[in-house]
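# Secondary and tertiary structure notes
Residues per chain are reported as follows:
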Amino acid sequence: TDCHSTVVRCSCFQLRVHESTGVEFRIWARSGPIIEDCRDITFAGDYCRASEVVNRRNLFWDVKDFNWLRALKKSPNFEVVPLPNEGGGAEEGTSKADDVVTAVISGEGVRMGGGDEIDEDSEDEL
């Protein structure tokens, strides 16, 4: 809570951040980070302890902004830095799930189903 212009490195089960600005988190998180009343926050998943690598579950990219209710638009309050891609996609050893995560992190979005993509929020989201 109340961190400003700093870098935080940690390995944790859950990360909750409140009332902070200009903070860079280099984390290994077992659940998606949660932010509230924050601006200019960056998340990178390049910090870990040797014991964490065994389970390979780093959800640093699954950020939930409790001040951003629009499900179809990315929150402007945080940015996720993608990990370097060591493989070339699903055909070279990474799974389809890895490709989906990469698309979400890069802001490309993922289409689920065959419907047309919706560009604007519906009224029930506002």
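What you see is a predicted model, and the numbers here were worked out from it, not measured in a lab.

## Notes on the pairing of strand β5 (residues 41-44)
Across the two faces of β5 the burial is the same, with Ile41 and Phe43 and Thr42 and Ala44 all buried. By the bridge criterion, 4 bridges tie β5 to strand β7 (residues 78-81) in an arrangement that is parallel. Residue Phe43 lies in a different strand from β7, and its bridge partner there is Val80.

## Remarks on the pattern of salt bridges
Summed over the entire model, instances satisfying the criterion amount to 3 salt bridges. A salt bridge links Arg26 to Glu24; the nearest nitrogen and oxygen atoms lie 2.3 Å apart. By relative accessible area, which is 23% here, Arg26 ends up partly exposed. Of the residues examined, Glu24 reaches a relative accessible area of 27% and is grouped as partly exposed.

## Side note on the state of the cysteines
Applying the stated criterion across every chain, the model contains 0 disulfides. Cys12 forms no disulfide, and the closest cysteine sulfur to it belongs to Cys10, at a distance of 4.1 Å. Taking the relative accessible area as the measure of exposure, Cys12 reaches 14% and is therefore buried. Free of any disulfide, Cys38 has its nearest neighbouring cysteine sulfur in Cys3, separated by 8.9 Å. A residue is classified by how much of its surface remains accessible, and Cys38, at 4% relative accessible area, is buried.

## Examining the nonpolar core
One recurring pattern in soluble globular proteins: nonpolar side chains tend to sit buried together. Ranked by size, the top nonpolar core spans 16 residues in total, and within it Leu15, Phe25, Ile27, Ile35, Ile41, Phe43 and Phe78 carry the most contacts. Looking at this core, the elements that each hand over two or more residues are β1 (4-12), β3 (21-29), β5 and β7. The biggest single contributor to this core is β3, with 4 residues. For Ile27, the residues in contact, after removing those within four places along its chain, are Cys10, Leu15, Pro33, Phe43, Ala44, Gly45, Asp46, Tyr47, Asn58 and Phe60.

## Notes on the sheet that holds strand β2 (residues 16-18)
The sheet built from 3 strands is open, its strands ordered β2-β4-β6 with parallel pairing. The open sheet is flanked by β2 and β6 (64-65), the only strands paired with a single partner. Pairing analysis gives 2 bridges linking strand β4 (residues 34-36) to β6, with the strands arranged parallel. Each bridged residue has a counterpart across the sheet, and for Ile35 the counterpart in β6 is Asp65.

About the thresholds
Residues numbered from 1 in each chain as written. Predicted model: local features only at pLDDT ≥ 70, side-chain atom pairs only at ≥ 80, totals over all residues. Heavy atoms only, no water. Buried < 20%, exposed > 50% of the residue type's maximum accessible area, 1.4 Å probe, protein only. Helix = DSSP H or I, 4+ residues; strand = E, 2+ residues; numbered from the N terminus. Pairing = 2+ DSSP bridges. Salt bridge = Lys/Arg side-chain N within 4 Å of Asp/Glu carboxyl O. Disulfide = S-S within 2.5 Å. Core = buried A, V, L, I, M, F, W, Y, C linked by side-chain atoms within 4.5 Å. Contact = heavy atoms within 4.5 Å.

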